[in-house]
Each structure stands twice: as structure tokens, then as C-alpha cells.
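Spelled out, the chains give:
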Amino acid sequence: MGLENMTTVILVTNGIKLADEEYCKRIALPGLGISMHRQAVSSVAEKIVDCLAQKKRTFQLTEKAWDNISKYWQGNVCVQLNILKPLFECGAIMDVFQWVRKMNYEPVMELTKPGPIFERGNSLDVSVDEVKELYEKMQEFDLKHYPQCYAEIIVPPSYGHNCTLVETGVHININGNVIPCVAHDSLPLGNIFDTTLDNILEKSELRLAIQDYRNWIVGPCKDCQYFEYCHGGCRGEAFWDTGCPRASDPYCWYIPKGMTLKDMVPRSCAGCLLENHPGCNKKI
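The text that follows walks through the structure, step by step, so that each part is easy to find. What you are looking at is a predicted structure, and each value in this text was computed from that prediction instead of being measured.

**Some points on the overall build of the protein**
Helices and strands together make up the secondary structure of the protein, namely 12 helices and 7 strands. The C-alpha atoms of the protein give a radius of gyration of 20 Å, which matches the 19 Å a tight globule of 284 residues would have. Structurally, the protein occupies a C-alpha span of about 55 × 45 × 40 Å along its principal axes. A buried classification covers 47% of the 284 residues belonging to the protein. Looking at the protein alone, contacts between residues at least 24 apart form 59% of all its contacts between residues at least 6 apart. Summing over all exposed atoms, the protein offers an accessible surface of approximately 15100 Å²; the carbon and sulfur share of this is 51%. For the protein, the distance from the average site of its 29 positive side-chain charges to the average site of its 35 negative ones is 3 Å.

**Overview of the layout of surface pockets**
Here the idea is plain: a probe the size of a water molecule rolls over the atoms and shows the empty space left. If you add up the space inside the second largest pocket, you get close to 600 Å³. Forming the walls of the second largest pocket are 22 residues, and the residues nearest its centre are His37, Gln39, Leu52, Asn82 and Leu84. Residue assignment for the lining of the second largest pocket shows that the elements contributing at least two residues are helix H2 (46-53), helix H3 (58-72) and strand S3 (77-83). Ranked by the residues each element gives to the lining of the second largest pocket, the list is headed by H2, at 3 residues. Its residues placed into classes, the lining of the second largest pocket shows 11 nonpolar, 8 polar and 3 charged.

**Quick notes on the pairing of strand S2 (residues 32-37)**
With 5 of 6 residues buried, S2 is to be regarded as a mostly interior element. Alignment of strand S1 (residues 9-13) against S2, held across 5 bridges, turns out to be parallel. Following the sheet pairing, threonine 13 is matched in S2 by methionine 36. Crossover connection from S1 via helix H1 (residues 21-27) to parallel S2: handedness right-handed. Direction of pairing for S2 relative to S3: parallel, over a ladder of 4 bridges. Following the sheet pairing, histidine 37 is matched in S3 by glutamine 80.

**Brief notes about the sheet that holds strand S6 (residues 177-179)**
Strands sit in the order S5-S6-S7 across an open sheet of 3 strands; the sheet is antiparallel. Strands at the two margins of the open sheet, each flanked by one partner only, are strand S5 (171-172) and strand S7 (190-191). Strand direction decides the pairing type here: S5 and S6, joined by 2 bridges, are antiparallel. Residue pairing across strands places histidine 171 opposite isoleucine 179, the latter belonging to S6.

**Description of the sheet that holds strand S4 (residues 106-111)**
Reading across the sheet, the 4 strands line up as S1-S2-S3-S4 and stay open at both edges, with parallel pairing between neighbours. One side of each edge strand has no neighbouring strand; the edge strands of this open sheet are S1 and S4. Put simply, the sheet's adjacent strands are angled 20° from each other on average, direction ignored. Relative to S4, S3 is paired through 6 bridges, and the arrangement is parallel. Paired with glutamine 80 across the strands is valine 108, a residue of S4. On the sheet, helix H5 (residues 92-103) packs against S3 and S4 and is oriented at approximately 155° with respect to S4. Contacts from helix H6 (residues 128-145) reach S3 and S4 within the one sheet, and its direction differs from that of S4 by about 165°.

**Structural notes on the packing of aromatic side chains**
Taken as a whole and assessed by the stated rule, the structure comprises 11 aromatic pairs. Put simply, the rings of Phe97, Tyr135, Phe141, Tyr146, Tyr159, Tyr226, Trp253 and Tyr254 pair up and form one aromatic cluster. The ring centre of tryptophan 99 lies 4.2 Å from the NZ or CZ of arginine 38, which sits over that ring. The ring of tryptophan 240 is capped by lysine 283, whose NZ or CZ atom sits 4.4 Å from the centre of that ring.

**Topic: the pattern of salt bridges**
Applying the stated criterion to the full structure yields 11 salt bridges. For glutamate 21, the salt bridge goes to lysine 64, with nearest N and O atoms at 3.9 Å. Taken together, the residues glutamate 21 in helix H1 and lysine 64 in helix H3 connect sequence positions 43 residues apart. Here glutamate 21 falls in the partly exposed class, since its relative accessible area comes to 26%. Salt bridges linked by common partners bring Arg120, Asp125 and Glu237 together as one network.

**What about the nonpolar core?**
The tendency in soluble globular proteins is for nonpolar side chains to be buried side by side. Ile69, Trp73, Tyr135 and Met138 are the most contacted members of the largest nonpolar core, which totals 47 residues. No other element matches the 7 residues that H5 contributes to this core. Residues in contact with tyrosine 135, not counting those within four places in the same chain, are Ile83, Met109, Glu110, Leu111, Ile154, Val155, Pro157, Ser158, Tyr159 and Trp253. Residues Leu187, Ile210, Tyr213 and Cys252 belong to the second largest nonpolar core, which totals 26 residues.

Analysis parameters
Residues numbered from 1 in each chain as written. Predicted model: local features only at pLDDT ≥ 70, side-chain atom pairs only at ≥ 80, totals over all residues. Heavy atoms only, no water. Helix = DSSP H or I, 4+ residues; strand = E, 2+ residues; numbered from the N terminus. Rg over C-alpha atoms; globule rule 2.2 N^0.38 Å. Buried < 20%, exposed > 50% of the residue type's maximum accessible area, 1.4 Å probe, protein only. Contact = heavy atoms within 4.5 Å. Areas by Shrake-Rupley, 256 points an atom, 1.4 Å probe, with all protein chains shown as cover. Lys, Arg positive; Asp, Glu negative; His and termini not counted. Charge placed at Lys NZ, Arg CZ, Asp CG, Glu CD. 1 Å grid on protein atoms, 1.4 Å probe; cavity = no way out; pocket = protein on both sides within 12 Å on 5 of 7 lines; lining within 4 Å. Points joined across faces, edges and corners; volume = space filled by probe spheres on them. Nonpolar A, V, L, I, M, F, W, Y, C, P; charged D, E, K, R; others polar. Pairing = 2+ DSSP bridges. Right-handed = clockwise from strand over helix to strand, strands pointing away. Axes fitted to C-alpha atoms, helices over the stretch in contact; angles between N-to-C directions. Phe/Tyr/Trp six-rings, centres within 6.5 Å; stacked < 30°, edge-to-face > 60°. Lys NZ or Arg CZ within 6 Å of the ring centre and 35° of its normal. Salt bridge = Lys/Arg side-chain N within 4 Å of Asp/Glu carboxyl O. Core = buried A, V, L, I, M, F, W, Y, C linked by side-chain atoms within 4.5 Å.

Here it is, written out as C-alpha cells:
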């Protein structure tokens, strides 16, 4: 797959800079997509938004940015919202979701990914059951008001979306490392300062193995009725929780009750492509 076929470019941003109207007009080029954060549409949640950002006027600036987007943006618009307990409890997430549908934008309502500064179970985290409850409310709303958008299958991490970015896309870090996912920065596919991106995409042994998801994923996800849809769930979640990039995603309501993290990973690393790889650090 050459670069000439890679036509989708998406700007991912918190939107603060786009509160500057002239700046927004200048970069709103035809064909440029955007995925911008929005945590609330009502000033009732203004204090929550500012508190989560740890910066005053965040809510006001993002409101202005969204006004500018509605006026000037020419490409596709995705609205990103990471699910957090305060937003869930005050109803802000459903308010944003309904606004997104009204604006004919694309919702990206998803779990906040775990990591060094966001451990599962912290005070801002939501449970698997709470996420399922939220997604079911979104389903009900779509069925009633936007049946053409109704998602028949809901799985983590995002409402109405499966996440197969590790198979279909790449991320490039500032140091030039090409990685399968933002949560896989310890597993570079190559570096664009050493070779071409075309060469990495076409010849990386790790990338080819990941794309063969039926053989790559291990654990209970392979026996799930939705495996062909979600391909093992959020790969970042699975990798962070277990230290194994091939593991099943444990943060899913379809995982059979009673299973542990040990059930998500292979019994042995022998023969694995990443055996003894420094970036693969199985925790169980």
C-alpha cells in the first residue's frame, strides 16, 4: 500500500487553538478531517470541564472553537469524548451525543485508555457495566431519532465503532518511530528516518502478523460471537492490562464471568514473533 493511496488525513486536537477564528479559517482546508474533543454542551457542566482540564475557561474556549468549526470546517468532523465518571454522572455525555447527531457529525464516544496516569478503578474511571448502560442509552436514542445510525452491535471501546487501527493504520511519533497504536510505542514497526513509510507498511513482519488477527489474538475473545467484528477489542487496553499485545481485551462485558487476566494471555511465549522482545512484557 503506497502513500499515494493514503488519502485520509485527520487532525486530532483538544480544540483550544481553534478558538482563534482566523487560525481556524486558515487551516480548514478541503479534505482535512478533524477529531476534536468536546466534554459538554451546557454551561451547567462548565466547572466540571474546567476542573478536568485543570485550566480555567477551557469550556468557554472549546465552545468558541466549535462555533468556528461549524462555520469554516470543510472536511469530516468527529467529536471525541473520553468517558469519565463526572461526565457520566451529570448526563453531559448523552447531551453531547445528541448534539453530535443534530449536527450530523461523527461521534467518537470511547473509554478513557488506561496508562501510567490513569489506572483502572481510579476515582474518574467508569465500570464496564456503566459503559454498557451508557451505550444502550445511545442505542435507544438512535433507534428512536436516527435509525439510519443505529448500532446493532455495541462493544468497547467506542460506541458504534470497532477499533481495528492496529491493522489498518499507523501512528508516527515525533522521533520517527512508526507504531501500530498509540498504546504500542514500545513495539515500533520501523523508523521513517531510516527507511520509507511505504517499505515499513509493506514489509514489517510485525505489521503483517498483527493484520492476521485470527492467528494474532489469543484468549477468550476468539470464542466470542463478535470476534469477527471487534477483532479482540481495544488492543491498547489489552496490552496495558496484561503486557501482551496479543491478549484478549479484559475490559469488555462479553468476557465470561470469573475469568482473570491470566486467561487473556497465551500460556507460553515460546514461538511467538515477539518472544524475548524488550517491548513485550507479559505481566501475568
